[in-house]
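Spelled out, the chains give:
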Amino acid sequence: MSNRITVGLDGSSGGLAAADWAAHEAELRGAALELVHVEDWPKDAPFAVPLPEPRRQWAEDFLGQTRDQLLRDHPALDISVRRIEGLAAATGLASAAAGADLLVLGSRGLGSVAGFLVGSTGSDTIPETDTPVVLVRPTDSPALSAGHAGNGGAVVLGVDLRSNCDRLLAFVSEEADRRACPLVVIHGWSPPPILSYAPALDPGVEAEIANGLKATLQELLSPWEQKYPQLAVDARTVIGQPAIQILDAAAGAALVVVGRRIRRSTLGTHIGPITHAVMHRATSPVAVVAHD
């Protein structure tokens, strides 16, 4: 890693919220911040596309203005700007994020109930990079409610105990430790269907399954609790749809973290349904971390 955070900007309010969040995160990490704009105008747009020189000038102006604005609030931060052309937005952002600690993108708001809509650029970029991607929603609330350090919210992680969770646990443990905030780890599960048809067969089966899952989760967390002994960890194995359980716990969170399994094949989906639901519905910043 290069101790750098890359943020993608497109001139929207979502991009500006992402830049603000990324600047706070860069200060927490002692990292440099890179502001990137990928010039990706549609070839067959139903509107007049600006000529290359005005496009270049517009991009350079808003990148420079964003940098100046961030430096007023974060004067010690090392902030650079970069404009990329000739690549699709997702490809350009993934390329810019190579070697970075994080790629931060904005998302369009849909209101407090609906959560936020991840635009096509965000959805297309996430499968293109193994760098953790943070999606930040613009908000009218004070800065601390947007997942900044000191807002009192926890770092919330949703895990699938059948997957390799090491990269996810390393990421959330470091994030919670930086923020000096609690870490909430959730595994949602459902009892075997047969128990709903014949619960009287063995009333202790459900409790036995729950205890086994809790022990497995605690075993996974044990090395990280030893590495970060000051960390307050709340491990939960709860019955119910995992996405709903994660979203319930994510209310007011500093950061919500979900995984994305790396797929080397070009076939099949690249973002699972639970991660997809959390990305689109959570109101806190969401980090999508790729893992094997």
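None of the values given here were measured: they were computed from a predicted structure.

(A) Quick look at the packing of helix α8 (residues 242-249) against helix α9 (residues 273-281). Closest axis-to-axis distance for the α8/α9 pair is 9 Å, and the angle between their directions is 35 degrees. Pair α8 / α9 crosses with right-handed handedness. On the side of α8, the interface is formed by Pro-242, Ala-243, Ile-246 and Leu-247, while α9 contributes Ile-274, Ala-277, Val-278 and Arg-281. Among the residues making up the contact of α8 with α9, the classes are represented as 7 nonpolar, no polar and 1 charged.

(B) Structural context of the sheet that holds strand β2 (residues 32-39). Across the sheet, which stays open at both edges, the 10 strands sit in the order β3-β2-β1-β4-β7-β12-β11-β8-β9-β10 with mixed pairing between neighbours. Each of the sheet's edge strands pairs with one partner strand only, and the pair in question is β3 (79-85) and β10 (233-239). When the angles between neighbouring strand axes are averaged without regard to direction, this sheet yields 25 degrees. Strands in contact with helix α7 (residues 205-227) are β9 (183-189) and β10; relative to β10, the strand with the most contacts, it is inclined by about 155 degrees.

(C) Highlighting the nonpolar core. If you look at the biggest cluster of nonpolar residues, it comprises 46 residues, and the most contacted ones within it are Val-7, Leu-33, Val-104 and Val-257. Element by element, the count of residues in this core is highest for helix α1 (residues 13-29), at 7 residues. Setting aside residues no more than four positions away along its own chain, Leu-33 makes contact with Ile-5, Val-7, Ala-19, Ala-22, Ala-23, Ala-26, Leu-70, Leu-77, Asp-78, Ile-79 and Ser-80. Membership of the second largest hydrophobic core comes to 28 residues, among which are Leu-93, Leu-103, Leu-105 and Leu-135.

(D) Focus on unusual backbone geometry. Its identity is not glycine, yet Ala-180 carries a phi of approximately 55 degrees, on the positive side. Inspection of the secondary structure puts Ala-180 in the loop between α5 (166-179) and β9. We classify Ala-180 as exposed; its relative accessible area is 73%.

(E) The packing of aromatic side chains, seen in detail. For the coordinates displayed, the defined rule picks out 1 aromatic pair. Ring geometry for Trp-58 versus Phe-62: centroids 4.7 Å apart, planes at 40 degrees, classification tilted. You can see Trp-58 and its partner Phe-62 sitting in helix α2 (residues 52-73), 4 residues apart, about one turn around the helix.

(F) Local environment of the packing of α5 against α7. Running from N to C, α5 and α7 cross one another at 40 degrees; their axes reach a closest spacing of 11 Å. Judged by the angle between their axes, α5 and α7 are oblique. Relative to α7, α5 is oriented so that their crossing is right-handed. Along the contact surface, α5 presents Asp-166, Leu-169, Ala-170 and Ser-173, while α7 presents Leu-220, Leu-221 and Trp-224. Split by residue class, the contact of α5 with α7 holds 5 nonpolar, 1 polar and 1 charged.

Rules used throughout
- The numbers attached to residues start from 1 for each chain and follow its sequence in the written order.
- Where totals are concerned, whole chains, interfaces and linings use all residues; where local detail is concerned, this predicted model gives features only for residues with pLDDT of at least 70, and gives and counts side-chain atom pairs only at 80 or more.
- Remark: hydrogens and water are excluded; side-chain values derive from all non-hydrogen atoms of the structure.
- Convention adopted: a line fitted to C-alpha atoms gives each axis, helices being fitted over their contacting stretch, and angles between N-to-C directions are expressed from 0 to 180 degrees.
- Secondary structure follows DSSP: runs of H or I at least 4 residues long count as helices, runs of E at least 2 residues long count as strands, and numbering of each begins at the N terminus.
- By definition, any crossing whose near helix is turned counterclockwise from its far helix by less than a right angle is left-handed, and any crossing with a clockwise turn is right-handed.
- When checking whether two residues touch, look at their non-hydrogen atoms; a contact exists if any pair is within 4.5 Å.
- Ten residue types, Ala, Val, Leu, Ile, Met, Phe, Trp, Tyr, Cys and Pro, are classed as nonpolar, four, Asp, Glu, Lys and Arg, as charged, and the remainder, Gly among them, as polar.
- We treat two strands as partners when DSSP finds at least two bridges between them.
- The nonpolar core is taken to be a set of buried Ala, Val, Leu, Ile, Met, Phe, Trp, Tyr and Cys residues, with the residues joined through side-chain atoms within 4.5 Å.
- Throughout, exposure labels follow a simple rule: accessible area from a 1.4 Å probe, protein chains only, divided by the maximum for the residue type, with under 20% read as buried, over 50% as exposed, and the rest as partly exposed.
- Only Phe, Tyr and Trp rings take part, Trp by its six-membered ring, and two of them pair if their centres are within 6.5 Å. Stacked means planes under 30 degrees apart, edge-to-face means over 60, and tilted covers everything else.
- Here the angle decides the label: under 35 degrees means roughly parallel, over 145 means roughly antiparallel, 65 to 115 means roughly perpendicular, and every other value means oblique.

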